[in-house]
Amino acid sequence: MTVFQSAAVPFTSQEAHTTLRDACRAAGLASDDARLIRLGENALFVLAAERVVVRIARSVDVLDDARKEVAVSAWLHEAGLPAARTTHHAQPLIIRDRPVTFWDFIENGGGPAALIDLAEVLRALHQMSVPANLALPQLDILGRVAERISSTDVLSDKERQFLSRKEQELRAAYEALSFPLAACAVHGDAHSDNLIKATDGTMVLIDLERFAFGPPETDLAVTAIEHSLGWGTRAEYDQFAERYGFDVLTWEGYPVLRDINELKMTTWLMQNVSEDEAIAREFRNRLFCLQNPDAPRRWRAF
C-alpha cells in the first residue's frame, strides 16, 4: 500500500511525529501513546498499546533500503537467525515522501547485549548462504555520506570541501584494500545496540536496512572503533574478537575502516544538530578531530 503525500520537508522530530500520525492512520493503528525512542538515520517510535515499533526513514530516496529490510527480515527468520519481524501490514508505506515500516515490539529481557553476544550473532550471520532471490546489493560502505555533506546547511564552504575530499579519499583507499576474509552477508551497522536480549534470552538482531553483500571485516570494525573510542573495556573487545575468531585490529587494512567509520559517525550526527545543543557540540568535536587526526578522540555516544 502506498499513500502519496506532499513533498518532504526537513526531517525534524516534529516532522517525524506528523508522519507517524499519518502512517498510523493509514495502517489502522492507534498512535495516541506513541513515544519517540530514537532519531537518527530513521525515526523510531514505539506504540505501547499496539506493541508495534514504527520506523520512518528520512527520504523516499532510500525506499529500496526499506524494501530490502522487509525482505531480509523474512529471510533471517526462515533461516533460523532471530531478527526483528514486520507486522502483518503491507509495507513499506510511503507517507509524506518517507518510507514507513511497522515491526513487532520486542520485549527487552533486561540489560544490554554484550559484545560476546554480538560476536556470536555476527559469526552465525557471516556463515549463512544468501538466497539468490534476495539479491543483496554490494556493500557501499560510504553510502549516504556524500549526500549528507552536500545537503546540510550547517557546514561552511571550507568544511564542506574538506569532508567531501575526505569522503573521496577514503572511498579510493577502501577500493584498494585486499580483505583476508571471504565476502558474505553483512549487517552494515553491527554494534551491540542493534541486538535486543528478549525475555527468553534470545538475542534478536534489529536495524536491517544496511544489509548488503561485502567484507565481514566491515561489520567487525564497528566494534573495534567503539573500543578505540573508549566505549567499552579491552577485555570485552578481546572476548569479542576471540569468540568471533578474527581480530580486525590486527589487520593492516583496519586504519582505513577506522577512518571511514569516524567520517560516517560524524556525518550521521550532523543530521540532528538542530535538535539538541549537546548534539551540536559533539558534532563540532568530531569534526575538529577529523580535521586534526592526531587529536585525542573524546567522543560521546549518541
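In the block above lies the structure referred to throughout.
One structure accompanies this document, and this report is about it. (Residues numbered from 1 in each chain as written. Predicted model: local features only at pLDDT ≥ 70, side-chain atom pairs only at ≥ 80, totals over all residues. Heavy atoms only, no water.)

Take unusual backbone geometry next. For the bond running from Gln91 to Pro92, omega is 5 degrees, close enough to zero to count as cis. Relative to the elements of secondary structure, Pro92 occurs in the loop between helix 2 (63–79) and strand 4 (93–95). You will see that Arg96, though not glycine, has its phi angle at about 55 degrees, which is positive. Along the polypeptide, Arg96 turns up in the loop between strand 4 and strand 5 (98–104). (Helix = DSSP H or I, 4+ residues; strand = E, 2+ residues; numbered from the N terminus.)

To continue, consider the environment of Leu269. Within the element layout of this structure, Leu269 appears in helix 8 (residues 254–270). Overall, the relative accessible area of 2% leaves Leu269 in the buried class. C-alpha of Leu269 to C-alpha of Arg286: the two residues are 17 residues apart in sequence and 9.2 Å apart in space. Excluding anything up to four places from it in sequence, Leu269 contacts Ile279, Glu282, Phe283, Arg286 and Phe302. (Buried < 20%, exposed > 50% of the residue type's maximum accessible area, 1.4 Å probe, protein only. Contact = heavy atoms within 4.5 Å.)

As a further point, take the sheet that holds strand 2 (residues 42–47). The strand order across the open sheet formed by five strands is 1-2-3-5-4, and the pairing between neighbours is antiparallel. Among the strands making up the open sheet, the edge pair consists of strand 1 (35–39) and strand 4. Each strand axis lies, on average, 30 degrees off the axis of its neighbour in the sheet, ignoring direction. Bridge count for strand 3 (residues 52–57) against strand 5 is five bridges, and the pairing is antiparallel. The residue bridging Val52 from the neighbouring strand is Asp104, located in strand 5. Running over the sheet, helix 2 touches strand 3, strand 4 and strand 5 and is turned about 20 degrees from strand 5. (Pairing = 2+ DSSP bridges. Axes fitted to C-alpha atoms, helices over the stretch in contact; angles between N-to-C directions.)

Attention shifts here to the environment of Phe246. With respect to the element layout, Phe246 can be found in the loop between helix 7 (234–244) and helix 8. Of the residues examined, Phe246 reaches a relative accessible area of 19% and is grouped as buried. Taking the C-alpha atoms as reference points, Phe246 and Glu217, 29 residues apart in sequence, are found 8.8 Å from one another. Every residue in contact with Phe246, bar those within four places of it in the chain, is listed here: Pro180, Leu181, Glu217, Leu220, Ala241 and Trp251.

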